[in-house]
Amino acid sequence: VQLQASGGGLVQAGGSLRLSCAASGLTLRSYTMAWFRQVPGKEREFVAADFRNYGRIYYGDSVKGRFTFSRDNAKNTVYLEMNNLKPEDTAVYYCAGDRTLILSSLRDSAQYDYWGQGTQVTVSS
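Residues numbered from 1 in each chain as written. Predicted model: local features only at pLDDT ≥ 70, side-chain atom pairs only at ≥ 80, totals over all residues. Heavy atoms only, no water.

### Brief notes about unusual backbone geometry
Thinking step 1. In this model, Asn76 sits at a positive phi of 55 degrees, which is unusual for a non-glycine residue.
Thinking step 2. Mapped onto the elements of the fold, Asn76 is located in the loop between β7 (67-72) and β8 (77-82).
Thinking step 3. One non-glycine residue, Asn84, adopts positive backbone phi at about 50 degrees.
Thinking step 4. With respect to the helices and strands, Asn84 occurs in the loop between β8 and β9 (91-98). (Helix = DSSP H or I, 4+ residues; strand = E, 2+ residues; numbered from the N terminus.)

### What to know about the packing of aromatic side chains
Thinking step 1. Evaluated as defined, the whole model comprises 7 aromatic pairs.
Thinking step 2. With 5.3 Å between their ring centres and 75 degrees between their planes, Phe36 and Tyr112 make a pair best called edge-to-face. One end of the pair, Phe36, is in strand β4 (residues 32-38); the other, Tyr112, is in the loop between β9 and β10 (114-115), with 76 residues separating them in the sequence. Each member of the pair, Phe36 as well as Tyr112, carries the same accessibility label: buried.
Thinking step 3. Geometrically, the ring pair formed by Phe36 and Trp115 is tilted, given 5.3 Å between the ring centres and 50 degrees between the ring planes. Of this pair, Phe36 sits in strand β4 while Trp115 sits in strand β10, placing them 79 residues apart in sequence.
Thinking step 4. You can call Phe36 buried: its relative accessible area is 0%.
Thinking step 5. Under the relative-accessibility criterion, Trp115 is labelled partly exposed at 25%.
Thinking step 6. Every member of this aromatic cluster is reached through a ring pair, and the members are Phe36, Phe46, Tyr94, Tyr112 and Trp115. (Phe/Tyr/Trp six-rings, centres within 6.5 Å; stacked < 30°, edge-to-face > 60°. Buried < 20%, exposed > 50% of the residue type's maximum accessible area, 1.4 Å probe, protein only.)

### Some details on the pairing of β4
Thinking step 1. Summarising burial for β4: 6 of the 7 residues are buried, a large majority.
Thinking step 2. Note: β4 against strand β5 (residues 45-50), 5 bridges, orientation antiparallel. Residue pairing in the sheet places Trp35 in a bridge with Ala48 of β5.
Thinking step 3. Hairpin connection, β4 to β5: the antiparallel pair is bridged by 6 residues, and Gly41 has positive phi, about 85 degrees. (Pairing = 2+ DSSP bridges.)

### A word on the nonpolar core
Burial of nonpolar side chains together is a common tendency in soluble globular proteins.
Thinking step 1. Ranked by internal contacts, the top residues of the largest apolar core, which has 27 residues, are Trp35, Val47, Phe67, Leu80, Met82 and Tyr93.
Thinking step 2. Elements with a contribution of two residues or more to this core: β1 (2-6), β3 (17-24), β4, β5, β7, β8, β9 and β11 (119-124).
Thinking step 3. With 4 residues, β3 is the single largest residue contributor to this core.
Thinking step 4. One finds Phe51, Tyr58, Leu101 and Tyr112 within the second-largest nonpolar core, a separate group that totals 10 residues. (Core = buried A, V, L, I, M, F, W, Y, C linked by side-chain atoms within 4.5 Å.)

Shown next, in the form of structure tokens:
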């Protein structure tokens, strides 16, 4: 099983980026998929998730209204569209997946079995 995250980069405040997470070795439609982010010295922060592909997307409070989670099951890929980026969005972004996670654990990074390698997003002011 492999999750390959890409799309990070350097962008000015107010700009946009689109992250991708391509999966191999698993069928995404059966999995809860999520994005987390982490800055040095801090815990991994929940960004967004789609619980078991039911179609309802959950967002962290700090990104609501600016980030959009989506998935393309045919391409076995999930995306994170990030708009109106702020310097505080600077972090390494990780995609994660799990097949048996329950809804109450959606925001708990420790409950996810599979992780991508991370992609750096840097937002300059």
